[in-house]
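Geometric and topological summary
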Protein chains: 2
Amino acid sequence: MKIICQKEDLQRGVSIVSKAVPTKTTMPILECILIDAQDGTIHMTANDMELGIETVVTGMVEMPGKIALEAKVFSEIVRRLPDNEVSIETDESGTTTIVCEKAKFAIPGRAGDDFAYLPQVERTKSISLSQFTLKEIVRQTIFSISDNENNKMMSGELMEIDNDTLKLVSLDGHRISIRKVHLKESYEPIKVVIPGKTLSDVSKILSGDNDSQVSLFFTENHVIFEFDETTVVSRLIEGEYFRINQMLNSDYETKIIINKKEFLNCIDRATLLVKESDKKPLILTVTDSNMAVKLHSALGSLNEDIFVEKTGKDIKIGFNPKFLTDALRVIDEETVTLYMVNPKAPCFIRDEEESYIYLILPVNFTEE
Amino acid sequence: MKIICQKEDLQRGVSIVSKAVPTKTTMPILECILIDAQDGTIHMTANDMELGIETVVTGMVEMPGKIALEAKVFSEIVRRLPDNEVSIETDESGTTTIVCEKAKFAIPGRAGDDFAYLPQVERTKSISLSQFTLKEIVRQTIFSISDNENNKMMSGELMEIDNDTLKLVSLDGHRISIRKVHLKESYEPIKVVIPGKTLSDVSKILSGDNDSQVSLFFTENHVIFEFDETTVVSRLIEGEYFRINQMLNSDYETKIIINKKEFLNCIDRATLLVKESDKKPLILTVTDSNMAVKLHSALGSLNEDIFVEKTGKDIKIGFNPKFLTDALRVIDEETVTLYMVNPKAPCFIRDEEESYIYLILPVNFTEE
């Protein structure tokens, strides 16, 4: 094999497929990036068996062929080459010579034959949305998946399509995050659970451009993301997702509207008094037009008042401050609305149209 | 005690004195910052017994007094306060209330009486130079001190003043770094060894302004740095420094002039093939107008040619690439000159006036 590419194009390709290179594996071939140059096109592929990524790299094929190169060394080499034309050539033994200007690297390569290619998946059911939208709704929900090894379902996100509505849901036992967006077309109902790692890797590769589209194809066991010249294939998580509808509730006893930034800054100040080991609740006391925020720990105490617009009953309720922060950070609005029933029942942060719903369970607290 | 300051001024003071707060100590009082408000002036002090820093904080003293506050919590609080006026008030029990806008923190404080104040040091012998210059020469030599616990002397830098010349020297057994600058005045000879940590902390606090001066005072056991409204007192390392003059030598068999950036980029590429555990030498083969750079490891090999201006004999010599990189990075010139004798003798990187000298010992290498 011999190919010639610009360093910049090589680097883009390597950085895309590298997301599917496992950090730990007992199969050395999985730690490789496959370069496959056929019919004038250069493909790069990486595959950790759960997630596979393939992309096209602009360049010239001088001699067709394929080679698997250790991903870490190869990407480091590419990154540090001068910004110029790069030639990559292999000999019969697999030794690969990478030449750019006066720098000449030689590294061992493996035959591409034992490489795990992407599974061939039938493409029938599909949807399409903007890269920007997908990237946003992943960012706005991914923080509340759980890395609990005992519950694989919680490590993924539910993607549910119904007519022209796409819903993304994550939950970890203490909270639920839901984002809804409208698609340009209507589709047959789809309900799949996508691994959190896949969503987070895909959203790192997506350009986030509002004008560029990404297509998703669904089969029984796989989801495929297609965008630009890149294909991502991921296994789905098997089984039925949690029934979240029965956890949602629009009744409330107290409703408050609050400036998001003021609330976030206040929580940020309070949490400096919380050490990793001792979890202290943030206690909110809501009365007319005022919310007193309080946190007390071994290090000291914070008391702060924030102006709120209140409807309904007064309430005193405690929260894990991190859960509030995580949700508030991904809401773009200047003001947010909190709905509460009592100090034992979930609190909801949501907008009128329910384009977002963040459910957070309160925590117990003791009065001093 | 009650004082009122702007958040910004408090934050500047805290960030300066925090450098002298030890990360690990068995004496809780040393983990504190002392605020001492007397005669209308607010002083902040921290002291880890080796190094002590005191600075003046702009603000109003409403009631004189002093209090020692746990440095980490106090600095976190200050950092997250709104940008506005801050009041700090203590009660008889030491509890300190920090109020800014609607946020009110209460943290425990300690009586200032058991705080380790800075040693009172006689100020006779002194020199003065620009903050920029001191900061620069520390940066340009500090990397070759050693953290070898068995040789305390190597953990410091020799500061030698002779007439109007100030010399800063560090060495770690494999290399020596020397920087010389001219002072505006002539001074009596001074020769002290300053702990590397002191130099590195001081240079972090220095504004690096060319127009601002820093004064150094020397006693038998201490050095004092005075600049802006800050005083840093540090113990010196006792004993006689290594005799470096006998290690320096201006004879050479090969002299090469090389573009610094090209050389650095080439070494950077080569070192990606070196894993922490297996140290591989960078082999330089100098012939007329050319230097072939080669590195071979289990991961692969790099060969690269760099144009050089050579005077004298051809040479083949091996180096620890990190030592070359460390020295080249702190040289500001576009081209550098290397002087070599043979593959066993030290290599010197220096300019004509010897304002800098970097001595690097070569390493053995085996031909394949």
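Please refer to the structure higher up on the page.
This section reports on the structure supplied with the text. These numbers come from a predicted model, not from an experiment.

Another aspect to go through is the overall build of chain A. For chain A, the helix and strand inventory stands at 6 helices and 24 strands. In terms of overall dimensions, chain A has a C-alpha envelope of 80 × 50 × 40 Å along the principal axes. Considering chain A as a whole, with its 368 residues, one finds that 51% of them fall into the buried category. Residue pairs at least 24 apart in sequence account for 68% of intrachain contacts in chain A once pairs closer than 6 positions are excluded. Summing over all exposed atoms, chain A offers an accessible surface of approximately 17,600 Å²; the carbon and sulfur share of this is 46%.

Looking now at the sheet that holds strand β3 (residues 41–47) of chain A. Residues and elements named next belong to chain A. The strand order across the open sheet built from 9 strands is β10-β6-β2-β3-β4-β16-β15-β14-β11, with neighbouring strands paired in antiparallel fashion. Looking along the sheet, the strands with just one partner apiece sit at the ends: β10 (109–110) and β11 (125–130). Relative to strand β16 (residues 230–235), strand β15 (residues 222–227) is paired through 6 bridges, and the arrangement is antiparallel. Across the sheet, residue Phe-225 finds its bridge partner in β16, namely Val-232. Against the sheet, helix α3 (residues 131–139) engages β11, β14 (213–218) and β15, with an angle of about 90° to β11.

Residue and element names in this part refer to chain B. For Asp-228, which is not glycine, the phi torsion reads 45° and is therefore positive. Looking at the secondary structure, you find Asp-228 in the loop between β15 (222–227) and β16 (230–235). Positive phi values are uncommon outside glycine, yet Glu-354 reaches one of about 55°. Among the secondary structure elements, Glu-354 is positioned in the loop between β23 (347–350) and β24 (356–360). Residue classification places Glu-354 among the partly exposed residues on the basis of a relative accessible area of 25%.

By a simple turn and slide, chain A fits onto chain B: the slide is 0.0 Å along the axis, the RMSD is 0.0 Å, and the turn is 180°. Seen this way, the second copy is the image of the first under a two-fold rotation axis. Among all C-alpha atoms of chain A, that of Glu-276 of chain A lies closest to the rotation axis, at 16 Å. Both copies contact each other with a shared surface, as 100% of the interface residues of chain A are interface residues in chain B too.

Counting residues at the interface gives 27 residues for chain A, matched by 27 residues for chain B. In total, chain A and chain B occlude about 2,300 Å² of area from one another, counting both sides; carbon and sulfur atoms represent 58% of this. Where chain A meets chain B, there are 2 salt bridges. The partner of Asp-268 of chain A in a salt bridge is Arg-80 of chain B, with the nearest N and O atoms 2.9 Å apart. Take the side of chain A that touches chain B: its biggest share by element is 8 residues, from strand β20 (residues 300–312) of chain A. Looking at the side of chain A that touches chain B, its residues break down into 15 nonpolar, 4 polar and 8 charged.

This paragraph deals with helix α5 (residues 260–271) of chain A. The first and last C-alpha atoms of α5 of chain A sit 16 Å apart over 12 residues, in line with the 16 Å expected at 1.5 Å per residue. For α5 of chain A, every residue scored as buried is listed here: Lys-260, Phe-263, Leu-264, Cys-266, Ile-267, Arg-269 and Ala-270 of chain A.

Here the structure, examined in full by the defined rule, presents 10 aromatic pairs over all chains. On the basis of an interplanar angle of 75° and a centroid distance of 5.1 Å, the ring pair of Tyr-241 of chain A and Phe-242 of chain A is categorised as edge-to-face. On the basis of relative accessible area, Phe-242 of chain A is assigned to the partly exposed category, the value being 26%. Ring geometry for Tyr-252 of chain B and Tyr-339 of chain B: centres 5.1 Å apart, planes at 65°, overall edge-to-face. Residue Tyr-252 of chain B is found in the loop between β16 and β17 (254–259), and its partner Tyr-339 of chain B is found in strand β22 (residues 335–340); the two are separated by 87 residues along the sequence.

The geometry of a pair of packed helices is captured by two quantities: the angle between their axes and the separation between those axes. Residue and element names in this part refer to chain B. Two numbers describe how helix α1 (residues 7–17) lies on helix α2 (residues 71–80): the axes approach to 9 Å, and their chain directions differ by 145°. Two packed elements cross with a definite hand, and for α1 against α2 that hand is left-handed. Judged by residue contacts, Lys-7, Leu-10, Gln-11 and Val-14 of α1 engage Phe-74, Ser-75, Val-78 and Arg-79 from α2. Broken down by class, the residue content of the contact of α1 with α2 amounts to 4 nonpolar, 2 polar and 2 charged.

Residues and elements named next belong to chain B. Ordered in space as β10-β6-β2-β3-β4-β16-β15-β14-β11, the 9 strands form an open sheet in which the pairing is antiparallel. Either end of the sheet is taken by a strand with one partner, and the two such strands are β10 (109–110) and β11 (125–130). Pairing of strand β3 (residues 41–47) with strand β4 (residues 51–57), which is carried by 6 bridges, proceeds in the antiparallel orientation. Within the sheet, the bridge partner assigned to Ala-46 lies in β4 and is Ile-53. Where helix α3 (residues 131–139) meets the sheet, its contacts fall on β11, β14 (213–218) and β15, and the angle it forms with β11 comes to roughly 90°.

This part covers the pairing of strand β22 (residues 335–340) of chain A. All names here are of chain A. Of all the 6 residues making up β22, 5 are buried; the element is thus mostly covered by neighbouring parts of the structure. Across 2 bridges, β22 lies against strand β23 (residues 347–350) in antiparallel orientation. When the bridges of β23 are listed, Leu-338 appears paired with Ile-349. Hairpin geometry of β22 and β23 is characterised by an intervening segment of 6 residues between the two adjacent antiparallel strands.

The next thing to look at is the environment of Phe-263 of chain B. All names here are of chain B. Relative to the elements of secondary structure, Phe-263 occurs in helix α5 (residues 260–271). Taking the C-alpha atoms as reference, Phe-263 lies 9.5 Å from Phe-307; in sequence the two are 44 residues apart. Residues within four places of Phe-263 in sequence aside, it is in contact with Ile-258, Leu-284, Met-291, Ile-306, Leu-324, Leu-328 and Leu-338.

Residues and elements named next belong to chain B. If you trace the backbone, Gln-38 turns up in strand β2 (residues 32–38). Residues contacting Gln-38, with those up to four places away along its chain left out, are Pro-64 and Gly-65. Of the polar contacts made by the side chain of Gln-38, one reaches the side chain of Asp-36; its length is 2.9 Å.

Residue placement: Ser-203 of chain A occurs in helix α4 (residues 196–205). Residue contacts for Ser-203 of chain A: discarding those within four places in its chain leaves Lys-135 and Val-138 of chain A.

Here the focus is empty space enclosed by the protein. All names here are of chain A. Within the structure shown, the criterion is met by 1 cavity of 30 Å³ or more. A volume near 40 Å³ is recorded for the largest cavity. Surrounding the largest cavity, Phe-143, Arg-175, Ile-176, Ser-177, Phe-323, Ala-327, Tyr-358, Leu-359 and Ile-360 form its lining. Mapped by element, the contributors of at least two residues to the lining of the largest cavity are β13 (175–195), α6 (321–329) and β24 (356–360). Of the residues that constitute the lining of the largest cavity, the class distribution is 7 nonpolar, 1 polar and 1 charged.

Rules behind the numbers
- Residues numbered from 1 in each chain as written.
- Chains lettered and ligands numbered in written order.
- Predicted model: local features only at pLDDT ≥ 70, side-chain atom pairs only at ≥ 80, totals over all residues.
- Heavy atoms only, no water.
- Helix = DSSP H or I, 4+ residues; strand = E, 2+ residues; numbered from the N terminus.
- Buried < 20%, exposed > 50% of the residue type's maximum accessible area, 1.4 Å probe, protein only.
- Contact = heavy atoms within 4.5 Å.
- Areas by Shrake-Rupley, 256 points an atom, 1.4 Å probe, with all protein chains shown as cover.
- Pairing = 2+ DSSP bridges.
- Axes fitted to C-alpha atoms, helices over the stretch in contact; angles between N-to-C directions.
- Least-squares fit on C-alpha atoms with pLDDT ≥ 70 in both.
- Buried area = accessible area lost by both parts, 1.4 Å probe.
- Salt bridge = Lys/Arg side-chain N within 4 Å of Asp/Glu carboxyl O.
- Nonpolar A, V, L, I, M, F, W, Y, C, P; charged D, E, K, R; others polar.
- Expected span 1.5 Å × (residues − 1).
- Phe/Tyr/Trp six-rings, centres within 6.5 Å; stacked < 30°, edge-to-face > 60°.
- Left-handed = near helix turned anticlockwise from the far one by under 90°.
- Polar contact = N/O pair within 3.5 Å; in protein donor to acceptor, adjacent residues only side chain to side chain.
- 1 Å grid on protein atoms, 1.4 Å probe; cavity = no way out; pocket = protein on both sides within 12 Å on 5 of 7 lines; lining within 4 Å.
- Points joined across faces, edges and corners; volume = space filled by probe spheres on them.

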